[in-house]
Amino acid sequence: MNSSLSIFRKVAVAEGISYLLLLFVAMPLKYFANMPLYVKYTGWAHGLLFVLYAATLVLAWQEQKWKFGKTVLIFVASLLPFAPFIVDRKLKDERPENASNKL
């Protein structure tokens with residue numbers, strides 16, 4: 001069975017990819033090629049993944065017993081392009097016994 005940390009990491013990468021697609025593919029298509037449907041569907045997918053990111057973050061926070069500040073920092077990372085990939089790399093080797101020492 002997957003831990004909530006493993007699930008969170010997968011959702012974080014998917015959310016990061018959807019954010020980059022929205023910013024660097026869908027938005028230029030909307031404004032430079034007059035193709036607004038790409039923003040509609042990519043934005044919808046990104047919104048769903050963002051909600052999943054927040055929900056799985058709460059689950060990982062509870063399971064891993066992270067400090068509140070670390071959890072807030074990880075949440076803020078979801079708002080910045082490329083930051084979810086940095087978070088994923090930092091959490092890659094994290095184990096429950098040393099969860100408070102990373103990131």
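This text goes with the structure placed above it.
To keep things clear, this report deals only with the structure shown in the data block.

Cut-offs used in this document
- Residues numbered from 1 in each chain as written.
- Predicted model: local features only at pLDDT ≥ 70, side-chain atom pairs only at ≥ 80, totals over all residues.
- Heavy atoms only, no water.
- Helix = DSSP H or I, 4+ residues; strand = E, 2+ residues; numbered from the N terminus.
- Expected span 1.5 Å × (residues − 1).
- Bend = angle between axes of the 7 residues up to and from the residue.
- Phe/Tyr/Trp six-rings, centres within 6.5 Å; stacked < 30°, edge-to-face > 60°.
- Buried < 20%, exposed > 50% of the residue type's maximum accessible area, 1.4 Å probe, protein only.
- Salt bridge = Lys/Arg side-chain N within 4 Å of Asp/Glu carboxyl O.

1. With respect to helix 1 (residues 4-33)
Step number 1: For helix 1, with 30 residues, the first-to-last C-alpha span of 40 Å sits near the 44 Å given by 1.5 Å per residue.
Step number 2: Where helix 1 bends most, the angle comes to about 35 degrees, and this point is Leu22.
Step number 3: At the C-terminal side of helix 1, Asn34 shows a positive phi close to 55 degrees.

2. Examining the packing of aromatic side chains
Step number 1: Evaluation of the coordinates by the stated rule reveals 4 aromatic pairs.
Step number 2: Measuring from centroid to centroid gives 5.0 Å for Phe8 and Tyr53, while their planes differ by 55 degrees, and the two rings are tilted. Taken as a pair, Phe8 in helix 1 and Tyr53 in helix 2 (residues 37-64) lie far apart in primary sequence, 45 residues in all.
Step number 3: Looking at Phe8, the relative accessible area reads 0%, which means it is buried.
Step number 4: Taking relative accessible area as the criterion, Tyr53 reaches 0% and is therefore assigned buried.

3. Side note on the pattern of salt bridges
Step number 1: Counted by the stated rule, this structure contains 1 salt bridge.
Step number 2: A salt bridge links Asp88 to Arg9, with the nearest nitrogen and oxygen atoms 2.7 Å apart. Of the two residues, Asp88 sits in helix 4 (residues 83-91) while Arg9 sits in helix 1, which places them 79 residues apart along the sequence.

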